[in-house]
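Read off the chains here:
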Amino acid sequence: MIPLQYELLLSAMLLCIGLYGVLARRNGIIVLMSIEIILNASILNFVAFSSYSGDASGQVFALLGIAVAAAEAAVGLAVFLGIYQTHGTIELDKIRFLKW
Amino acid sequence: MIAYEWVVWLILLFPLAAFVLIGVLGRYLPEGGGHVAVGAMAGSFVLSLYVFIQVLQQGGLGGAFTPQTIEGFVWIPSLLPENSIKISLLIDNLSALMLVLVSFLCLLIFIYSLGYMHEEEGKPRYYAEVSLFATGMLGTVSADNFLQLLIFWEIMGLCSYLLIGFWDRKPEAAAAAKKAFLVTRIGDVLFLVGVLVIWNVFATLSFGEIQRKMASLYPGTLTPQLLTLIPLLLFGGAVGKSAQFPLHAWLPDAMEGPTTVSALIHAATMVKAGVYLTARAFIFLVPLSSAVEPPFTAILVIAAIGGFTTLFAATMAVVNFDIKRVLAFSTISQLAYMFLGLGAGAYIMATDVSRGEAVDSAGYSAALYHLFNHAFFKALLFLGAGSVIHAVNTNDMREMGGLSKPLPVTSKVMLFGALALAGIVPFSGFFSKGEILSVTFDAGSLNSGFYLLWALGVGTAFLTAFYTFRLWFMTFRGEYRGHQHPHESPPVMTVPLMILAGFTLVSGLLAYPMQGFGNLVFFQRPEAAFPLLGVPFQHLLLEGVSMGVAVLGLALAWAVYATKRVPAERFTASRGGAFIHRMLTKRYWIDDAYDAFGRTVVYGTARALDWFDRRVIDGIVNGVGRAGVVVATGTDRFDRQVVDGAVNAISLETVRTSLRLRQRQTGQVQSYAWVVVLGIVVVIALMFGLSFLQRWWSGLGR
Amino acid sequence: MDVDWELIAFLVLGAFEVIGSILVVTNKRMVRAAFWLAMTLVTIGAIYLLFLSEFVFLIQVIVYAGAVPVLFVFGIMLTRRTIMDEAGPEGGP
Amino acid sequence: MSAPLIPNLFEVCEVLVLAIVWVIDQILYALAGLIPPLTGLAQWFDPVARQRLGMGPLGSELLIVVITWLIAVTVIVIWATLVNLLTMMWVERKFYSRLQDRYGIMISIWSLPFWPFNRARRPTHRGTGYLQNIADGVKLLQKENITPRNADSAMFHISPVLIASSTLMIFAALPWSSGFYVANLDLGILFIFAAFSLAPLGILIAGWSANNKYTLVGGLRAAAMLMAYEIPMILSVIALVFFTGSLNPLTIVRQQDRPLVSFGALSIPAWYVFSPQILGFIVFSVSMMAEMERIPFDIPEAEAELVEGWTTEYSGMRFGLVFGFKWLRMIAGAALIAILYLGGWSGPVFTTLSVGGVPVPIVPEEAWFLLKIYLISVVFIWISWSVPRVRIDQILNIGWKKLIPYSLGAIIIAAAAIASGLWSVG
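Residues numbered from 1 in each chain as written. Chains lettered and ligands numbered in written order. Predicted model: local features only at pLDDT ≥ 70, side-chain atom pairs only at ≥ 80, totals over all residues. Heavy atoms only, no water.

Asks: Please explain the overall build of chain D as it appears in this structure.
Replies: Helix and strand counts for chain D stand at 14 helices and 4 strands. The contacts of chain D with a sequence gap of at least 6 include a subset with a gap of at least 24, amounting to 75%. As displayed, chain D offers around 19,600 Å² of accessible surface, 70% of which is attributable to carbon and sulfur atoms. (Helix = DSSP H or I, 4+ residues; strand = E, 2+ residues; numbered from the N terminus. Contact = heavy atoms within 4.5 Å. Areas by Shrake-Rupley, 256 points an atom, 1.4 Å probe, with all protein chains shown as cover.)

Here it is, written out as structure tokens:
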């Protein structure tokens, strides 16, 4: 059995990497990918804890998370396509219509 | 008791469902949903017939069917359950008969419409509205209380407005629809007031309840004045709906609608509702208990208006050249007969009641008998007229003539209808009309005014025969004077006509197997015998008189219009004749008088009020306004310099601060995300720090 | 010699994931980033396999190898004006 | 109840490996006479010596197990590619040639230059043409592999590998009979779909990385289309799962191996295509055709507008890989249809021969399965060469607006059939 700490460490690393992508990258689609990584880090925790506790509900929740993540990717891409069509760019530092 | 009470609801629901269905989906249905309307009406008819047969079987000939209320649901609940207003249906002899009559005639007219309206635009609208119309009439005659009756009554009013204005591109049709609506509205307001008064007095609106409470409330709450007022108010509604004397103006103009609509209004629905309402008002006119003094004044008003209108309308029919208007005037006249019969009958019955004698309901049954017969032959005449109009494309009888050859069926059935309307043996009109006249004559022995009304009725019988056959001869005899190529209507139109023609023969004789028509409608007491059998010689004589004058009228019409032996111009040759002719053509200037009244009095009042409003009220308002301006200028100066100065100073500072602050609102999602992450970090740091502190603290304590 | 193969597999896969996700968030070419994303997520699926969750693994493969990266590449291609447009604010797509 | 020709692939391979090991062992013993240190190694391989030394049987050694697995996989791959792929390509090329009223490919063994007999008048236009595909492959191998300038080289090279390897992965879980399979997975069907779903990414990357507008458009179209059709495909399988309650192909086939209705000697088998799943079957078949990019759905490589679509820039054997593996995907798809809906390898048994005490069926399960696969494939080929190509928007409309609702309908029907108890799973 893999020690739980290792898994949590891996999950935390993935989360931090994803967080870096969300905060530092300017391209909207890369940001979406980073969000996918963050989501997967949490799904990994679900599966791991489910395995450790012997309770299958964690796996069920992981499936739910996967579905949500896929839907989130589709919706996010649709949003960015819409932004691209109206603003001609998906660079987040050029999209300033949230200002004021 | 009626087996399967829900059947009665279905009678109403069928045409209502047809209305909804055609209204929603009509444009997708073949023939604009006409088949749906016919099917629904056929269903209604079959169920009505079923109910009617049950009533007959359980009432028996000469026996009474106990009026049965079919409970629906509580519409307006009340603290006292007996006071709450319910939607429920009443089945007694009268309403069962009316249901059958209405649904049967509506069915025939709908079938006829399939042919007549075949080439019209807007058929879904037509069929939806006539279905709703039929619903209104069926609901009116089966209503259990006055409020429900009023509701369906108003549905009919709306439908009549819509249907008379069916050809809404024609300005005359639109005007006629408006006129019909407004004129009947006057009557409806009276009716509504009547219903309110009834509620105020009886705290119930149900017919049975009222009848039961009558004796206990008299003469306390129900003063004799109120007892006179209530039936008069109700009769006001009937006058509007049935186009009696002061409010008759709308009915001739209503001929602007399609002929089938006219047939529907005249034969089966609308105008008959007035007679029905008056028949229902008998619970006020003829109280059950002899302790209650019957309202003779109201009865006399009803009879007088009936007697006057019958002659009044008949005279106007004599000079008209529009085939449908002649029939319209005849409708007014015939309805007036019914009111005359009701009035005379009520007088006799009320006298019987107040004397404590057995009630003789001959007048009541005669009037309803005439209603029954009139429905058939008037439907026949209108549908026949529709067939003629269909063939020659005009309403003007001067452009017709000699149509009996191209329209063999129509001419024959119209002849049947004309004979019935004129009151020639053995057609139906003869029996009922003669009976009304006999009853009126009988009432003369109680109040001699009725002799005058009888004389008016006899005169009308003469005029009726005259103008009826004037119509028939002008239309079907002589040379064709128009420019069309007339042709017979399709079977879908002629077959209903032939059925109706059969009924004009049968319906008069129907009273024989029933041993008197009163057994069918039944108010208070079954009828003893039919007038022609085992009645005094005097009655036979009276019947003979009415028949005789009818034959005279027929002969005159034949002489003037068929053989041209007496030229029509001779009547207008003298100055008096010309004046009368002009007066009749102008309809006694009543329409003009209404218009003038509207123009001078109503508009004058409005103009005066307008002047008052503009000059006086506006002047006061403007003066106040000017004073306000002066005060406001003063306060404005204070406001600008003192208050605004303070406010501006504050806002300027706020704006300056916010300008600096909004630099932080960059609009970039990621800068916000940074804040979120920093916040999370701070929270985590706090949690760790606190737990560390706690541990450190507990370590100190130890 | 009792080698904990599971732990070794976990460590290898974890290294793949960390490296792959770093490549995802730092890559200048977005299509490559999408490819690395697919690789990373499938290796995460492999870790599910280590946790005996085969069903989640297969769903992860279907979704994160079949659907999501395709969607991303789609989005990338539809938000570019020209094919292989290397110019971007950070030096490349 | 027919029997498989190969009762257990793993055991067969083990016997094979042990035989090879025995041969190698004999050689090792012979060499040990010259080089004494080899004796230990030879004894390690020798079952008799192992028993004497107190070691377990050779078959349980990890090395042998791994080798056995490798051999089993190799057998399956060779069976799938070298036998069935070549045959399927030959069937298609011959079949559509006949449909087009021509002979088609003809290179056969006697067309070859080393054919010894009657070399002067080699009948090059008479052969069956089975060797044509091999000749084409050899030609492709000889060609240069060109990488376009400005292409994303790594991606360009990875994507054929991704496509080919994911296609081969399908066969790891795809059984050919109740005994002829590599792995018996409980989630086998799901595994196969996972492997199927890897290809769109490869196709998209291939189309993008070649730096060519035709390939890019082709790749985009392919990805859009495959995504659109994968959803109804999986949904119709979900409908089927209502019936089967299992994702194991062996279980699914076993459920179908019983008569539904019997008319004396004849009987209709309980294949799922004869159940309320008929709607799912239709949706699945149509989606499968789209997944194979066969002609009514071959818009990603419509040669009239896109040259060769996303495969345009590939050359040499790399092109052969992406081109030829389409038939492999077709075989896999036909096998899936057969397993899920047409009873898999179940078929009537006629008689069994006994060869050395081992019962060998005359018409084994593998034969029934191959028969079904080839029949389904021929139907697909027939359809593709008879109908015109549909436009991309029509394809997407069919996928999103028709097939997905139909597959949802199939789910509802299946759920209703199960819930109402009209159909009981055997």
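Asks: Can you walk me through the overall build of chain A in this structure?
Replies: The number of helices and strands found in chain A is 3 helices and 0 strands. Starting at the N terminus and ending at the C terminus, chain A contains elements arranged as α-α-α. Taken across its 100 residues, chain A has 46% of its residues classed as buried. In chain A, 57% of the contacts between residues at least 6 apart in sequence involve partners at least 24 apart. Carbon and sulfur atoms provide 72% of the accessible area of chain A, an area that totals close to 4,500 Å². (Buried < 20%, exposed > 50% of the residue type's maximum accessible area, 1.4 Å probe, protein only.)

Asks: Where do I start with the interface of chain B and chain A in this structure?
Replies: A common way to express how large an interface is: the accessible area buried when the components associate. Between chain B and chain A, the residue contacts involve 12 residues of the former and 15 residues of the latter. Regarding the contact of chain B and chain A, the summed buried area is about 1,100 Å², with carbon and sulfur atoms giving 59% of it. Seen at the junction of chain B and chain A, the total is 0 salt bridges. For the pair chain B and chain A, the number of links is 3 residue pairs in polar contact (both at pLDDT 80 or more). (Buried area = accessible area lost by both parts, 1.4 Å probe. Salt bridge = Lys/Arg side-chain N within 4 Å of Asp/Glu carboxyl O. Polar contact = N/O pair within 3.5 Å; in protein donor to acceptor, adjacent residues only side chain to side chain.)

Asks: Honestly, the packing of aromatic side chains in this entry has me stumped. Any pointers?
Replies: The geometry of an aromatic ring pair is captured by two quantities: the separation of the ring centres and the angle between the planes. Residues and elements named next belong to chain B. Applying the stated criterion across every chain, the model contains 50 aromatic pairs over all chains. Ring plane angle 70° and centroid distance 5.7 Å describe the contact between Tyr126 and Phe166, whose orientation is recorded as edge-to-face. With Tyr126 in helix H4 (residues 123-142) and Phe166 in the loop between helix H5 (146-164) and helix H6 (171-202), the pair connects residues that are 40 residues apart, well separated along the chain. Classification of Tyr126 by relative accessible area gives buried; the value is 1%. Its relative accessible area of 1% is what places Phe166 among the buried residues. (Phe/Tyr/Trp six-rings, centres within 6.5 Å; stacked < 30°, edge-to-face > 60°.)

Asks: Explain the nonpolar core here, please?
Replies: Generally speaking, soluble globular proteins have nonpolar side chains that are buried together. All names here are of chain B. By size, the foremost hydrophobic cluster in this structure holds 197 residues, and its most contacted members are Phe146, Phe202, Trp250 and Phe284. In terms of residues, this core owes the most to one element, helix H15 (residues 362-392), which gives 19 residues. With sequence-adjacent residues up to four places away left out, Phe146 is seen in contact with Phe191, Val195, Ile198, Leu205, Phe207, Ile210, Leu234, Leu277, Ile283 and Phe284. (Core = buried A, V, L, I, M, F, W, Y, C linked by side-chain atoms within 4.5 Å.)

Asks: Would you mind showing me how to read the interface of chain C and chain A here?
Replies: With 44 residues of chain C in contact, the opposing surface of chain A contributes 42 residues. Taking both partners together, chain C and chain A bury about 3,800 Å²; carbon and sulfur atoms supply 75% of that area. Among the residues of chain C in contact with chain A, Val25, Phe51 and Phe72 of chain C are the three that bury the most area, contributing 19% of the side total. Linking chain C to chain A there are 0 salt bridges. The tally of links from chain C across to chain A stands at 5 residue pairs in polar contact (both at pLDDT 80 or more).

Asks: What's the story with the packing of helix H3 (residues 93-116) of chain B against H4 of chain B in this structure? I'm lost.
Replies: Two measures define how a pair of helices packs: the angle their axes make with one another and the distance between the axes. All names here are of chain B. It is at 9 Å that the axes of H3 and H4 come closest, and there the two elements cross at 170°. Put simply, H3 runs roughly antiparallel to H4. Between H3, through Ser95, Met98, Leu99, Val102, Ser103, Cys106, Phe110, Ser113 and Leu114, and H4, the contact on the second element is made entirely by Tyr126, Tyr127, Val130, Ser131, Ala134, Met137, Leu138, Val141 and Ser142. Residues that form the contact of H3 with H4 fall into these classes: 13 nonpolar, 5 polar and no charged. (Axes fitted to C-alpha atoms, helices over the stretch in contact; angles between N-to-C directions. Parallel < 35°, antiparallel > 145°, perpendicular 65-115°, else oblique. Nonpolar A, V, L, I, M, F, W, Y, C, P; charged D, E, K, R; others polar.)

Asks: Looking at this structure, I do not really get the pairing of strand S1 (residues 259-263) of chain D. What am I missing?
Replies: Every other side chain in a regular strand lies on the same face of the sheet, so the side chains alternate between the two faces. All names here are of chain D. Note that S1 and strand S2 (residues 266-269) share 4 bridges and pair antiparallel. For Ser262, the partnering residue across the bridge sits in S2 and is Ser267. Counting the residues that bridge the hairpin from S1 to S2 gives 2 residues, and of these Gly264 lies at a positive phi of roughly 65°. (Pairing = 2+ DSSP bridges.)

Asks: So what exactly am I meant to see when it comes to the environment of Gly274 of chain B here?
Replies: All names here are of chain B. By the secondary structure assignment, Gly274 is in helix H11 (residues 270-280). Given a relative accessible area of 0%, Gly274 falls into the buried group. Sequence separation of Gly274 and Ala238 is 36 residues, and the distance between their C-alpha atoms is 3.9 Å. In contact with Gly274, other than residues within four places in its own chain, are Trp153, Ala238, Lys241, Ser242 and Phe339.

Asks: What exactly am I supposed to notice about unusual backbone geometry here?
Replies: Outside of glycine, negative phi angles account for most residues, and trans bonds account for most peptide bonds. A positive phi angle, near 55°, is found at Ala203 of chain B, a position not held by glycine. For Ala203 of chain B, the position within the fold is in the loop between H6 and helix H7 (207-217). Backbone geometry at Asp101 of chain D places phi at a positive 65°, although glycine is not the residue there. Inspection of the secondary structure puts Asp101 of chain D in the loop between helix H4 (62-99) and helix H5 (132-142). Owing to a relative accessible area of 72%, Asp101 of chain D belongs among the exposed residues under this scheme.

Asks: Even after reading the chapter, I still don't get the side chain of Thr204 of chain B, so can you show me in this structure?
Replies: All names here are of chain B. As for its position among the elements, Thr204 is in the loop between H6 and H7. According to the relative accessible area criterion, Thr204 is buried, its value standing at 5%. In terms of polar contacts, Thr204 uses its side chain to reach the backbone amide nitrogen of Ser206, at 3.4 Å.

Asks: Teacher, can you tell me more about the pattern of salt bridges here?
Replies: Pairs can form between side chains of opposite charge once their charged atoms are near each other. All told, the structure shown has 16 salt bridges over all chains when counted by the stated rule. Residue Arg391 of chain D pairs with Asp393 of chain D through a salt bridge whose shortest N-O separation is 3.0 Å. Residue classification places Asp393 of chain D among the partly exposed positions, given a relative accessible area of 35%. One salt-bridge network, held together by shared partners, links Lys170, Lys179, Asp253, Glu256 and Arg325 of chain B.

Asks: Explanation requested: a nonpolar patch on the surface in the structure shown.
Replies: A cluster of nonpolar side chains, namely Leu13, Leu16, Val20, Leu21, Val24, Leu25 and Tyr28 of chain B, defines an oily patch on the protein surface of about 640 Å² accessible area. With respect to the secondary-structure elements, Val20 of chain B resides in helix H1 (residues 6-25). (Patch = residues over 30% accessible without salt bridge, like charges linked within 9 Å, V, L, I, M, F, W, Y side chains within 5 Å.)

Asks: It is not clear to me how the environment of Pro30 of chain B should be interpreted in this structure. Could you clarify?
Replies: The residue Pro30 of chain B is located in the loop between H1 and helix H2 (34-59) in this model. Considering only alpha carbons, one finds Pro30 of chain B and Lys123 of chain B, 93 residues apart in sequence, at a separation of 9.9 Å.

Asks: Help me understand the environment of Leu371 of chain B, please; the structure alone is not making it clear to me.
Replies: Residues and elements named next belong to chain B. You can see Leu371 is positioned in helix H15. Leu371 sits 62 residues away from Lys433 along the chain, and the two C-alpha atoms are 10.0 Å apart. Sequence-distant contacts of Leu371, that is, excluding residues within four places in its chain, are made with Met98, Leu101, Lys272, Val275 and Met338.

Asks: Teacher, can you tell me more about the side chain of Thr331 of chain B here?
Replies: Residues and elements named next belong to chain B. Following the sequence through the fold, Thr331 ends up in helix H14 (residues 323-355). The exposure class of Thr331 is buried, given its relative accessible area of 0%. When residues no more than four places from it in sequence are discounted, the contact partners of Thr331 are Leu251, His266, Val271, His374, Lys378 and Phe382.

Asks: Can you help me understand helix H10 (residues 278-291) of chain D in this one?
Replies: An α-helical turn contains 3.6 residues, so any two residues separated by three or four positions project in the same direction. All names here are of chain D. Look at H10: 20 Å from first C-alpha to last across 14 residues, which is about the 20 Å you get at 1.5 Å a residue. Among the 14 residues that make up H10, 10 are buried, leaving the element largely enclosed by the rest of the structure. Within H10 the residues assigned to the buried category are Gly280, Phe281, Val283, Phe284, Ser285, Ser287, Met288, Met289, Ala290 and Glu291. Contact partners of the buried residues in H10: helix H7 (188-209), helix H8 (213-244), helix H12 (316-341), helix H13 (365-384) and helix H14 (392-420). (Expected span 1.5 Å × (residues − 1).)

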